[in-house]
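# Tertiary structure, described
In case you want the letters, here they are:
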Amino acid sequence: MAQSARPHSMRLCIAVLIAILPACSAQTTPHKKKPAPKPEPTAQELFAYVRGSLISFSPEDGINDNLEVSLDSTGNILTIKQPDGHCDQFLNALDANTLVWDIFDASDSVRTRTQILRLTVVSAPGKPARTCFDNQDRVDKNIASNRARFLFSVSKTEEAPGFQARMTKAMKKLIALSGGAEEKDIF
């Protein structure tokens, strides 16, 4: 009987070793560490990206050109200077859930112009999104104050793959960091 118990105990020992060895080798194998998550961009870095894009991809049609872009010291007012004046865009009043892209034909009855890629962002209820001024710093009351608009050249942005997605992401984060309404998944 001792001989028949021995093969059974040997089989049992082999089975235990087969079960344990993979677990032991897994413990001695060094685990790959996940790379540290990329730090979130700061408001200043996002502004630098938005400013660079507004200037680099400016329409350059003599009317809708983005001549200069600045951010006030509070980080809430983005000012875009154009040939006919400037607009102060109130980032802390914008709603990141309302970004809409469209292509705008800036032609009029006198002059044909190239198409413009336009990003429109609506303000939170009861807050103005922007105030626009003419070259004499008089408020232009003909411009709707409940939406901010950012203009880009269609032909230039087509040469930058993924431009709209990157700009959308940057604007949503900049709005949130400036105190505007953060993006929410409402569906």
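Summarised in this report is the structure supplied together with it. (Residues numbered from 1 in each chain as written. Predicted model: local features only at pLDDT ≥ 70, side-chain atom pairs only at ≥ 80, totals over all residues. Heavy atoms only, no water.)

In this section: the state of the cysteines. By the definition in use, this model includes one disulfide. Each disulfide pairs two cysteine sulfurs, and for Cys-87 the partner residue is Cys-132, the sulfurs being separated by 1.9 Å. Its S-S torsion of approximately 105° makes the covalent link between Cys-87 and Cys-132 right-handed. Of the two residues, Cys-87 is situated in strand β3 (residues 85–90) and Cys-132 in strand β6 (residues 130–134); the sequence distance between them amounts to 45 residues. Under the relative-accessibility criterion, Cys-132 is labelled buried at 4%. (Disulfide = S-S within 2.5 Å. Helix = DSSP H or I, 4+ residues; strand = E, 2+ residues; numbered from the N terminus. Buried < 20%, exposed > 50% of the residue type's maximum accessible area, 1.4 Å probe, protein only.)

The next subject is the sheet that holds strand β1 (residues 68–71). Sheets are built from strands that pair by backbone hydrogen bonding, the pairs being arranged parallel or antiparallel. Strand order across the open sheet formed by four strands is β1-β2-β3-β6, with antiparallel pairing between neighbours. The strands lining the two open edges of the sheet, one partner per strand, are β1 and β6. Adjacent strand axes in the sheet meet at a mean angle of 15° when their direction is disregarded. One ladder, built from five bridges, connects β3 with β6; its direction is antiparallel. (Pairing = 2+ DSSP bridges. Axes fitted to C-alpha atoms, helices over the stretch in contact; angles between N-to-C directions.)

Remember that the coordinates give geometry; whether it matters functionally is a separate question.
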